[in-house]
Amino acid sequence: MVRTQARLLDHLGIERLHTVIGGSIGGMQALSWAVDFPERVERCIAIGAAPLSAMGLALNHLQRQAIRNDPAWHEGHYALDQQPVAGLALAREIAVCSYKSAELFSERFGRRPDRSGEQPQDSLSARYDVAGYLDYQGSIFTPRFDANSYLVLSKAMDTFDLACVGSGGSSVEAALRRIRARLLLVGISTDWLFPSREVRSLARLAQASGVRTNYAELTSLHGHDGFLAETAQLAPIVNAHLEEEQLALV
């Protein structure tokens, strides 16, 4: 994908990029740009992004299995109006759990019955409020997303490895040494999909590899979604990097 985008830049006559920035899989793409095209990227900002841990890989596997186990998947050969809706909705619900924090779920839902009036003690299908929320997220996702696209994107997240990015080299350190951009990595305090300690560790490794690197951390109850929820906190961090100010690497 990154190389396809580079060809688009060539077609448009754009030689250098002031900043590549993204969160989550977008942050992975930003880092890939900085490694693959060091001469074209001046600044790189990756938010809530690092190679997935075993837990992240496990959750993505379950999401793909939910889609594949839907009888309507047909090995990916489904009609556009007959995609595996049930499997895709379940995949999204699992994903939403990984995007939030336990603290946020406790604060927002607790053990309250579903707001529709269902009583969880009455039947196997009667839900708690958190279950109603997840089912809603699944239902609004399926009309706007394709199941096969979901499989490809989640696998792309799984296989992101700086040591394997383009001509990055045989190790993460070798890949990082290619970067010429000023690098900003942003962690999120309650992100357990991409824990802040792992983002901070990557920042330290980049700095040790000679990359001009800053690290900052969002304090948020929103888990991985913190970069979407805490825009007022994130904006000054990004602005400081764009204005060349130094942030502390902690």
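Engineer: Please provide a residue-by-residue account of the packing of aromatic side chains, values included.
Structural biologist: Inspection of the entire model under this criterion finds 7 aromatic pairs. A ring pair is formed by phenylalanine 141 and phenylalanine 145, whose centres lie 4.9 Å apart and whose planes are at 20°; its orientation type is stacked. By relative accessible area, phenylalanine 141 is classed as buried at 3%. Look at phenylalanine 145 and you get partly exposed, because its relative accessible area is 26%. Cluster of aromatic residues (ring-pair linked, three or more members): Phe105, Phe109 and Tyr133.

Engineer: Now, about the pattern of salt bridges: what can you tell me, with residues and values included?
Structural biologist: Under the criterion given, the structure shown has 10 salt bridges. Two residues, arginine 64 and aspartate 158, come together in a salt bridge whose shortest N-O distance is 2.6 Å. Of this pair, arginine 64 sits in helix H3 (residues 54-68) while aspartate 158 sits in helix H7 (residues 147-158), and the two are 94 residues apart along the sequence. For aspartate 158, a relative accessible area of 14% puts it in the buried group. In this structure, the salt-bridge partner of aspartate 129 is arginine 115, at a minimum N-O distance of 2.7 Å. Taken as a pair, aspartate 129 in helix H6 (residues 129-141) and arginine 115 in the loop between helix H5 (102-108) and H6 lie far apart in primary sequence, 14 residues in all. Judged by relative accessible area, aspartate 129 falls into the buried class, the value being 4%. The exposed category is assigned to arginine 115, whose relative accessible area is 66%.

Rules used in this analysis
- Residues numbered from 1 in each chain as written.
- Predicted model: local features only at pLDDT ≥ 70, side-chain atom pairs only at ≥ 80, totals over all residues.
- Heavy atoms only, no water.
- Phe/Tyr/Trp six-rings, centres within 6.5 Å; stacked < 30°, edge-to-face > 60°.
- Buried < 20%, exposed > 50% of the residue type's maximum accessible area, 1.4 Å probe, protein only.
- Salt bridge = Lys/Arg side-chain N within 4 Å of Asp/Glu carboxyl O.
- Helix = DSSP H or I, 4+ residues; strand = E, 2+ residues; numbered from the N terminus.

From the geometry alone we can't say anything about function, so treat these as descriptive.
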